[in-house]
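One-letter residues, chain by chain:
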Amino acid sequence: MSVVVGLDQPLSLASLRAIYESPARIDITPATASRIDAGAAAIAKIVESGATVYGVNTGFGLLATTPIPRHELEELQRNLVLSHACGVGPLLADNIVRLVMVLKLASLSRGASGVRRDTVEMLVRLLELEIYPCVPGKGSVGASGDLAPLAHLSAMLLGIGEARVKGQIVPAVEALSRAGLQPLKLGPKEGLALVNGTQVSTALALAGLFETGKVFAAALAAGAMSTDAFKGSDTPFDPRIHALRGQPGEIDVAAVLRDLMRGSEIRESHRLPESDTKVQDPYSFRCQPQVMGACLDIIRAAARTLEIEASGVTDNPLVLDDGEVVSGGNFHAEPVAFAADQIALALCEIGNISERRTAILVDPKMSGLPAFLVRESGLNSGFMIAQVTAAALVAENRMLAHPASVDTIPTSANQEDHVSMATHGARRLLDMAENARTAVAIELLAATQGLEFHRPLKTSPVLEEVAHEVRALVRRYERDRYFAPDIAAISDYVRRGDVQRLVSGLTPFN
């Protein structure tokens, strides 16, 4: 079922997540149409007057001082799109391209880009029919916008390149024909408005944000389960501790951990001092509110940035309300690059602390549980190499977490001499989320196994439900077996957001 999206108000994170997960249909209201028409009329007036305006009747970048005669303006815009379609690498997934298209429509609908309503309605029609341009994922430095990938999206409107229709790749002309559309003839400035903007970087960063939310929630559940399996203490989650520091994410995470562990028979069995031999738990258990809370704070900050960017106008030049056309630099994706780097740091730490808890659970000297969480260890290796896999994944994430935003390289003959690198900074987030998700999945498996060594005592009702869902997918480890499918099953369980549904009361977007 399609999500209906209006463009008269800024896009919310909830609506953006729905677009990421489901097909979308755009509602062009009379107010939206009026804004678009006013911007297009301003550009038409400039062309009619013969005034020289960058991007309307001049060359681009270093060639901005080259005037273009009126009879060549369509060719100018077409040439811009074709010359900029230099993307390489694997194609972006359909749900990413769908987000890109909606973000581009949100920008164009503000009326500051000067495109005609027919151009906007063509994108709307393609979205409605789930026809998505084939867009290579590599080739953008995040300023002047996402030129190469957006040029591939734009070329498809011209009947050039390819599109995916219900998962099948077909020539662009055939895709347009299926939609009952003719290839677009670009009006003045339209090619520039289409290829200029931060929509690809923003869509990739939003995708990373949404996947991070699922991993974050699962890591909270896994951390609480590991704490109980380890017979750790919930005293470090005492609200008075966190109120004294005052960090909001820390306070919220501690509250969720208390809720997750409330009613645990295992915890009650060693609450009295005489029944608890541990003086203090290791940091990966004790400092969960501090570490995960800090992650939550930067995830929330990144979410705010991306929500604003999603509805922003990021092409250049821009048509102001009085019809004046001004040149600026909204195409520079530095805010998106910073947001992507923040999400990358959070994913890195979520995976790091999860893997450390798994390592402690499999160590009998630390956990008091059977070695590698299996009976007859020696004959059986149990979770020995599952923990190694988690270690490998989080090590890879540490490498990937290097900030993209600190890098720059001059382009376009030094006219575009400082760039954001937001696009690949955002694109890596899906790989990082997969790595962190798998590390957390391994912890969920280990914690579930660890809890079962304490039977007949039970953990809390919420965590029992998580453990029950894990066991519905993966049976208990009595002896060694082929392990990889079990990890894949629980990783997919996290990816579907099933754990996020159970961990109520907190998401990174509250």
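Below or above, wherever it landed, is the structure these notes cover. (Residues numbered from 1 in each chain as written. Predicted model: local features only at pLDDT ≥ 70, side-chain atom pairs only at ≥ 80, totals over all residues. Heavy atoms only, no water.)

**Some points on the pattern of salt bridges**
Here's step 1: For the structure shown, the criterion picks out 32 salt bridges.
Here's step 2: Linking R262 and D259 is a salt bridge whose minimum nitrogen-to-oxygen distance equals 2.5 Å.
Here's step 3: Taking relative accessible area as the criterion, R262 reaches 51% and is therefore assigned exposed.
Here's step 4: Among the residues examined, D259 registers a relative accessible area of 44% and is labelled partly exposed.
Here's step 5: The closest approach of N and O atoms between D492 and R495, which form a salt bridge, is 2.5 Å. Residue D492 and its partner R495 are both found in helix α20 (residues 484-495); the two are separated by 3 residues, about one turn of the helix. (Salt bridge = Lys/Arg side-chain N within 4 Å of Asp/Glu carboxyl O. Buried < 20%, exposed > 50% of the residue type's maximum accessible area, 1.4 Å probe, protein only. Helix = DSSP H or I, 4+ residues; strand = E, 2+ residues; numbered from the N terminus.)

**Quick look at the pairing of strand β2 (residues 24-27)**
Here's step 1: Going residue by residue along β2, you find A24 and I26 tucked away on one face and R25 and D27 left uncovered on the opposite face.
Here's step 2: Inspection of the sheet shows strand β1 (residues 3-6) paired to β2 by 4 bridges, in the parallel sense. Across the sheet, residue V5 finds its bridge partner in β2, namely I26. (Pairing = 2+ DSSP bridges.)

**Structural notes on the layout of surface pockets**
Here's step 1: The space that makes up the largest pocket amounts to roughly 650 Å³.
Here's step 2: Looking at the largest pocket, it is lined by 31 residues, and the ones nearest its centre are G61, S144, L147, S412 and E416.
Here's step 3: Elements represented by at least two residues in the lining of the largest pocket include exactly α3 (73-84) and α6 (147-157).
Here's step 4: Here the lining of the largest pocket is built from residues that sort into 14 nonpolar, 15 polar and 2 charged. (1 Å grid on protein atoms, 1.4 Å probe; cavity = no way out; pocket = protein on both sides within 12 Å on 5 of 7 lines; lining within 4 Å. Points joined across faces, edges and corners; volume = space filled by probe spheres on them. Nonpolar A, V, L, I, M, F, W, Y, C, P; charged D, E, K, R; others polar.)

**Brief notes about the packing of aromatic side chains**
Here's step 1: Overall, the coordinates contain 6 aromatic pairs when judged by the stated rule.
Here's step 2: Considering the side-chain rings of Y20 and F210, the 5.6 Å spacing of their centres and the 40 degrees angle between planes classify their relative orientation as tilted. One end of the pair, Y20, is in helix α1 (residues 13-21); the other, F210, is in helix α9 (residues 199-229), and 190 residues separate them in sequence. Exposure class is identical for Y20 and F210. Each is buried.
Here's step 3: Taken together, the aromatic side chains of F383, Y477 and F483 make up a single cluster linked through ring pairs.
Here's step 4: Seen from the ring of F453, R476 lies directly overhead, with NZ or CZ sitting 4.8 Å from the centre.
Here's step 5: When the ring centre of Y477 is taken as origin, the NZ or CZ atom of R481, which lies over that ring, is 4.0 Å away. (Phe/Tyr/Trp six-rings, centres within 6.5 Å; stacked < 30°, edge-to-face > 60°. Lys NZ or Arg CZ within 6 Å of the ring centre and 35° of its normal.)

**Considerations on the side chain of E464**
Here's step 1: You can see E464 is positioned in helix α19 (residues 461-473).
Here's step 2: With residues up to four places along the chain from it excluded, the contact list for E464 reads R455, K458 and T459. (Contact = heavy atoms within 4.5 Å.)

**Topic: empty space enclosed by the protein**
Over the atoms, a rolled probe matching the size of one water molecule traces out where space is still vacant.
Here's step 1: Here the structure, examined in full by the defined rule, presents 1 cavity of 30 Å³ or more.
Here's step 2: Estimates place the volume of the largest cavity at around 40 Å³.
Here's step 3: Lining of the largest cavity is provided by L103, T198, Q199, T202, E309, A310, G312 and T314.
Here's step 4: Only α9 and α14 (288-310) provide two or more residues apiece to the lining of the largest cavity.
Here's step 5: In terms of residue class, the lining of the largest cavity is made up of 2 nonpolar, 5 polar and 1 charged.

**Topic: the packing of α1 against α9**
A packed helix pair is summarised by two numbers, namely the angle formed by the two axes and the spacing between the axes.
Here's step 1: At their nearest, the axes of α1 and α9 sit 10 Å apart, and the two run at 95 degrees to each other. Taken as axis vectors, α1 and α9 run roughly perpendicular relative to one another. Counted together, L13, L16, R17, Y20 and E21 of α1 and L206, A207, L209, F210, E211 and K214 of α9 form the full contact between these two elements.
Here's step 2: Of the residues belonging to the contact of α1 with α9, the class tally is 7 nonpolar, no polar and 4 charged. (Axes fitted to C-alpha atoms, helices over the stretch in contact; angles between N-to-C directions. Parallel < 35°, antiparallel > 145°, perpendicular 65-115°, else oblique.)

**A closer look at a nonpolar patch on the surface**
Here's step 1: On the surface, M384, I385 and V388 cluster together to form a nonpolar patch covering roughly 240 Å² of accessible area.
Here's step 2: Assignment of secondary structure puts V388 in helix α17 (residues 384-400). (Patch = residues over 30% accessible without salt bridge, like charges linked within 9 Å, V, L, I, M, F, W, Y side chains within 5 Å. Areas by Shrake-Rupley, 256 points an atom, 1.4 Å probe, with all protein chains shown as cover.)

**Brief notes about the sheet that holds strand β4 (residues 131-133)**
Here's step 1: Reading across from one edge, β4-β6-β7 is the order of the 3 strands in this open sheet, with antiparallel pairing throughout. Here the strands that pair on one side only, and so sit at the sheet edges, are β4 and β7 (168-171). Looking at each pair of strands side by side, their axes are set apart by 35 degrees on average, direction ignored.
Here's step 2: Across 3 bridges, the pairing between β4 and strand β6 (residues 162-165) is antiparallel. Residue pairing across strands places Y132 opposite R164, the latter belonging to β6.
Here's step 3: Across the face of the sheet, helix α4 (residues 94-108) comes into contact with β4 and β6 while running at roughly 85 degrees to β4.

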